[in-house]
Amino acid sequence: MDPQLMGWVGIVLLFLLLLARTPVAFAIGAVGILGFWVVSGTGPAMKMAAIVPYSTVATYNFSVMPLFILMGYFVYHSGFTTDIYRSARLWVGRIPGGLAHATVIAGAAFGAASGSSFASCATLAKVTIPEMIRFGIDRRLAFGVVAATGTIASMIPPSVLMVIYGMITEQSIAKLLIAGILPGLVAAANYMILIYIIVKRNPKLAPMLNEKVSWKERFTSLKSSWGIITIFVFVMGGIYTGVFTPTEAGGVGAFGTFIMALALRKLNFTTLKNTLLDVARTTGMVLCIISCAFIFARFMAVSQLPIQMSDFLINLDIPSIWILLSVMGMYILLGFFFDMIAAMFITLPIILPAIIELGYDPIWFGVLMVHLCEVSQITPPFGLNIFILKGTLPDTDLKEVIQGIIPFSVMDIITLAIYIAFPQLALFLPSMMM
Amino acid sequence: MIKLRCFFIKADSSLKSVVKALAWISSGIVFVMMFFLTADVVLRYLFNRPIIGVYQLAEFMVVGVVFLSVAYVQTLKGHIKMEVATSWLPLKGQIALDIFGYLVGIAVFSVIAWHSGKIAIHAWRIKDVSMGMVQFPLWPAKSLVPFGSGLLCLELFSNVLGDLAMLLRPADNMPEAGGESL
C-alpha cells in the first residue's frame, strides 16, 4: 500500500482506538508497530520495536521528568499553597475581587514550584474555594478562577508538559522551560484583568474585604514563601545561565523542596513513602506513553506523511499566518472532544516540520502548544479541571462550573492571540541564553 | 474448574506482590536519583570533583524507574484512557472494550518484551558497554525493558481474566466500575 495512505489510515485507526477506551500508550504503540510493519516489513519493524523503548527512556534529558514531578509533590505536601494564598490575600485583598486575585497569584506561585496543572488545580481548589465561598464570592466566579489558574502551572517552569513537548520535538528543554516564564505571567495578568472587569461590572459577585492590613503584616507574611522563591530563582537561574542542565536543576530543586518540607515538619515517613510511590507511578505512566509515541513517530517518518504535509502546506497560496491560525483552530476544536496531550503525540510529528518550514520558531510553537493543552483542560464538556472542581464541593452542579469557566476560556483565546502577535514574549528570555 | 480458579487467584496475588515490590524499588531509585544529582552538582561546583559517569547512571536510573513501575501502573488501572466517549455505554459494554484495550496492550508489549529481550541477551553476550568516561555494561539496564514489559503483559492478562469473569457474572451483583484516571 502507498505509505502515505497508510499513514492516514494509521492516524484514523489511532483516533478510533483512543475513543474506544484503549489505553493511550497501548493504542499509540500498536498503531506504530503495525503501521511500521506494513510499510517497512517484519524485520525492520521488530527491530524498531525492540530498540525504541530503551533508546527513548535511556536518555539523559528524560531523567528530568521524575525529578520535576517529585518536586511538585514535595511542594504540595509542604502546605505552601495555603501560606502563599494567605499572604497574597494581604497584598491584593483590597482590590475589587481581592480573594480571586489572590487565587491567581497563589496559582502562579504554585506553578513556579510544580510542573503539573492537575496537581495545581486540585490543590488550589482545596485551599481557595472554601475560603472564597466563605467571603461571599460568587460560586461560578470562584470555580472559573480556580479552573483557569490551575492551568498556569503548565506554562510557568518547571513544567512537565514543556518537557514532553521538548522530547517529542527534540528541542532544547532548557530553552523551552525558560520560554514559558513570561507567557505564564502574561496569562496570570490577563486573568486578573478579567476578574477586575467582571467584578467592576457587577460588584455583588465579590464583596469587598474590609480588613485593615499594615505594610508590616504584608512583609512578614512573605516569610513563609521565601523558601520556595529562593528555590525557584536558584533552579531557573541555574538553567538560564547554563550552570545546570534541566536534569541537575530537577535534582537540586527536588532536594531543596524536600529539605524545606522536612524543615516545616510537613513530611513524615508515610507521606514520603506515598509521594515516592506516586512519582514512580506517574513517571511510569507518562514515559510508557512517550516510548510508544516514539514508536508511532518512527511509523510517521517512514510513511513520509510529514514531508507530504509540509510540502502541501508550504505550497498553499495563502499567507503562512493563516496556516498557523488554522492549525491553532484545529487544535482548539480537537481539544473539545479529545485529550490534548494524546493529540499532541499523534499530530506533532506531522505538523511541526511544516511549521518550522514555514519559518516559525519551534520553541515559540511549544509555548502555543502548551497553552492549547491548558485551554483544552478547561473547555467543556470534557476538560479535566472541570471534573476536578466538581469533586471539591459536595453540591456542585457541573453547569455552574462550566458557566464560571466560559469567560476564562474566552480570555485564554485572547492570551493565545497575544502570544501569536508578540513572539518575543516567548523568545526574548531563551534568546539571551547560550 | 474451582481448582483452576484457585490457581489463578493465587498466581494473581503473588504477581501483585512482585509488582508492588518492584514499584518500591522504582520509587527508591527516584529518591536516590535526587540525592545523586544534587551530590554531583555540589561536588562539581564547590569542590570541582564531579561524580564520574553521572550522565550514564542517570539514564540507567530512569530506565529502572519506568520499567519497574509500568506493571504497577496497570495494577492501579493507571494507564490513562479516554472514557468520555464511551461513558454512555452500559457497564458490560465498557468492560468488553476494556478487555479489548488490554489485549491490544498484550500484543504491543509482548512484541516489545520478546524482541528487546533478544537485544538484552545480545548485549550480554558481546559484553556491550556504554560510551563515555566510564564503560558500564549495558545488559542490566537493557534487560529491564523485556522484564518490565513482560510483567506488564502478565498483569494485563490477569486483568483480562478478571474482566471476563465480571462479564460472565449475572448483572445484578455487578460491582461499580472503578479505576483511576489521571
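As a reminder, the structure under discussion sits directly above these lines.
First, a word on what this report is: a plain description of the structure on this page. (Residues numbered from 1 in each chain as written. Chains lettered and ligands numbered in written order. Predicted model: local features only at pLDDT ≥ 70, side-chain atom pairs only at ≥ 80, totals over all residues. Heavy atoms only, no water.)

## So, the overall build of chain B
Summing up its helical and strand segments, chain B has 5 helices and 0 strands in all. Overall, chain B is about 70 × 35 × 30 Å in size when its C-alpha atoms are taken along their principal axes. By the burial criterion, 44% of the 182 residues in chain B qualify as buried. Summarising the internal contacts of chain B: among those between residues at least 6 apart in sequence, 75% fall at separations of at least 24. Working note: accessible area of chain B is about 9,700 Å², and carbon and sulfur atoms make up 71% of it. Side chains of chain B give 15 positive and 11 negative charges; the mean places of these two sets differ by 10 Å. (Helix = DSSP H or I, 4+ residues; strand = E, 2+ residues; numbered from the N terminus. Buried < 20%, exposed > 50% of the residue type's maximum accessible area, 1.4 Å probe, protein only. Contact = heavy atoms within 4.5 Å. Areas by Shrake-Rupley, 256 points an atom, 1.4 Å probe, with all protein chains shown as cover. Lys, Arg positive; Asp, Glu negative; His and termini not counted. Charge placed at Lys NZ, Arg CZ, Asp CG, Glu CD.)

## Here we look at unusual backbone geometry
The phi angle of most residues is negative, glycine excepted, and most peptide bonds adopt the trans form. Residue and element names in this part refer to chain A. Geometrically, the link from Pro157 to Pro158 is a cis peptide bond, its omega value of -5 degrees lying close to zero. Following the sequence through the fold, Pro158 ends up in the loop between helix H8 (139–151) and helix H9 (160–169). Backbone geometry places Glu170, a non-glycine residue, at a positive phi of 55 degrees. Within the element layout of this structure, Glu170 appears in the loop between H9 and helix H10 (173–179). Given the relative accessible area of 68%, Glu170 is considered exposed. The backbone of Gln304 sits at a positive phi, close to 60 degrees, despite the residue not being glycine. You can see Gln304 is positioned in the loop between helix H15 (269–303) and helix H16 (305–314).

## Regarding the interface of chain B and chain A
When the parts of a complex come together, some accessible area is lost, and that lost area is often taken as the interface size. Contact residues are listed per partner, giving 62 residues for chain B and 60 residues for chain A. Between the two partners, chain B and chain A, sit 2 salt bridges. Counting across the interface, chain B meets chain A through 9 residue pairs in polar contact (both at pLDDT 80 or more). Residue assignment for the side of chain B that touches chain A shows that the elements contributing at least two residues are helix H1 (2–47), helix H2 (54–67), helix H3 (70–75), helix H4 (91–125) and helix H5 (139–168) of chain B. (Salt bridge = Lys/Arg side-chain N within 4 Å of Asp/Glu carboxyl O. Polar contact = N/O pair within 3.5 Å; in protein donor to acceptor, adjacent residues only side chain to side chain.)

## Quick look at helix H1 (residues 3–19) of chain A
Helix length check: H1(A), at 17 residues, gives a terminal C-alpha distance of 24 Å against a target of 24 Å (1.5 Å per residue), a fit within 8%. What H1(A) keeps buried is the set A:Met6, A:Gly7, A:Gly10, A:Ile11, A:Leu14, A:Phe15, A:Leu17 and A:Leu18. Next to the buried residues of H1(A) lie helix H2 (24–40), H15, H16, helix H17 (320–337) and helix H18 (340–357) of chain A together with H4 of chain B. Looking one or two residues past H1(A), A:Arg21 carries a phi angle of roughly 65 degrees, positive in sign. (Expected span 1.5 Å × (residues − 1).)

## Thoughts on the packing of H9(A) against H18(A)
Helix packing geometry: the angle between the two helix axes and the distance between the axes. Residue and element names in this part refer to chain A. Remark: H9 packs on H18, axes separated minimally by 10 Å, with the N-to-C direction vectors making an angle of 35 degrees. Like other packed secondary-structure pairs, H9 and H18 cross with a definite hand, here right-handed. From H9, Leu161, Ile164, Tyr165, Ile168 and Thr169 reach across to H18, where they touch Ile341, Met344, Phe345, Leu348 and Leu352. For the contact of H9 with H18, the per-class residue count stands at 9 nonpolar, 1 polar and no charged. (Axes fitted to C-alpha atoms, helices over the stretch in contact; angles between N-to-C directions. Left-handed = near helix turned anticlockwise from the far one by under 90°. Nonpolar A, V, L, I, M, F, W, Y, C, P; charged D, E, K, R; others polar.)

## A short note on the environment of A:Met369
All names here are of chain A. Locating Met369 in the fold gives a position in helix H19 (residues 362–378). Look at Met369 and you get buried, because its relative accessible area is 0%. Met369 sits 208 residues away from Leu161 along the chain, and the two C-alpha atoms are 9.3 Å apart. Beyond its immediate chain neighbours, meaning those up to four positions away, Met369 contacts Tyr165, Tyr331, Met340, Met344 and Leu348.

## What to know about the state of the cysteines
Taken as a whole and assessed by the stated rule, the structure comprises 0 disulfides over all chains. Not part of a disulfide, A:Cys292 finds its nearest cysteine sulfur in A:Cys288, a span of 4.9 Å. (Disulfide = S-S within 2.5 Å.)

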